[in-house]
Amino acid sequence: QVQLVESGGGVVQAGGSLRLSCAASERSFTPLAMAWFRQAPGKEIESVAAISWMGSNTYFADSVKGRFTISRDHDKKMVVLQMNSAKPEETAMYYCATPQTTINASGSTRAYDYWGQGIQVTVSS
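Report follows, based on the coordinates.

Here is what the cut-offs are and how they apply
- Residues numbered from 1 in each chain as written.
- Predicted model: local features only at pLDDT ≥ 70, side-chain atom pairs only at ≥ 80, totals over all residues.
- Heavy atoms only, no water.
- Helix = DSSP H or I, 4+ residues; strand = E, 2+ residues; numbered from the N terminus.
- Buried < 20%, exposed > 50% of the residue type's maximum accessible area, 1.4 Å probe, protein only.
- Contact = heavy atoms within 4.5 Å.
- Polar contact = N/O pair within 3.5 Å; in protein donor to acceptor, adjacent residues only side chain to side chain.
- Salt bridge = Lys/Arg side-chain N within 4 Å of Asp/Glu carboxyl O.
- Lys, Arg positive; Asp, Glu negative; His and termini not counted.
- Core = buried A, V, L, I, M, F, W, Y, C linked by side-chain atoms within 4.5 Å.

## Side note on the environment of S106
For step 1, the next point in the chain: On the secondary structure map, S106 appears in the loop between strand 9 (92-98) and strand 10 (114-115).
For step 2, the next point in the chain: Its relative accessible area of 18% is what places S106 among the buried residues.
For step 3, the next point in the chain: Ignoring sequence-local partners within four residues, the contact set of S106 consists of A35, A50, Y59, A111 and Y112.
For step 4, the next point in the chain: At 3.1 Å, the side chain of S106 forms a polar contact with the backbone nitrogen of S108.

Here you go:
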């Protein structure tokens, strides 16, 4: 069973930075594309960022372009989301996801098969 474990969430002041990490725990599993999504209370889940298998292609939601970065470490089977200049409206549960077969970065939830349990990020004003 593939498990994705998120870490690094918490409370950050508006304008501050936070680093989210997600690692695949299954030794025999090699994550292909990896992505981050978020869901605020009462709202639909939305894409944040994604990175391709080789890390050569990335996707960012318009709302985070220029402020967030995404990177990955193949050896650690990990993806990292660096959040900079955080905004209060970005308070949400953040989820890591990876697909079974897709190697390209995608912002669609339908592209992903495995999801982490989520980690809370609160941006205080």
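## Some words on the pattern of salt bridges
For step 1, the next point in the chain: On inspection of all chains with the given rule, the structure shows four salt bridges.
For step 2, the next point in the chain: E46 is the partner of R38 in a salt bridge, and the nearest nitrogen-oxygen pair spans 2.6 Å.
For step 3, the next point in the chain: Here E46 falls in the partly exposed class, since its relative accessible area comes to 37%.
For step 4, the next point in the chain: For the salt bridge of R38 with E90, the shortest nitrogen-to-oxygen distance reads 3.5 Å. Pair noted here: R38 is in strand 4 (residues 34-39) and E90 is in the loop between strand 8 (78-83) and strand 9, with a separation of 52 residues, a long-range link.
For step 5, the next point in the chain: Residue classification places R38 among the buried residues on the basis of a relative accessible area of 5%.

## Here's the deal with the side chain of K77
For step 1, the next point in the chain: Looking at the element boundaries, K77 is found in the loop between strand 7 (68-73) and strand 8.
For step 2, the next point in the chain: Despite being buried, K77 has no salt bridge partner; E26 is the closest side chain of opposite charge, sitting 7.2 Å away.
For step 3, the next point in the chain: Here F29 takes part through its backbone oxygen, which lies 2.7 Å from a polar atom of the side chain of K77.

## Remarks on the nonpolar core
For step 1, the next point in the chain: Ranked by internal contacts, the top residues of the largest apolar core, which has 29 residues, are L20, W36, V48, V79, L81, M83 and Y94.
For step 2, the next point in the chain: Residue assignment for this core shows that the elements contributing at least two residues are strand 3 (18-24), strand 4, strand 5 (46-51), strand 7, strand 8, strand 9 and strand 11 (119-124).
For step 3, the next point in the chain: If one sorts the elements of this core by residue count, strand 3 sits on top with four residues.
For step 4, the next point in the chain: Contacts of V48, omitting those with residues within four sequence positions, involve W36, F37, R38, Y59, F60, A61, V64, F68, L81 and Y94.
For step 5, the next point in the chain: The next biggest cluster of nonpolar side chains, apart from the first, holds six residues, and it includes F37, A97, A111 and Y112.

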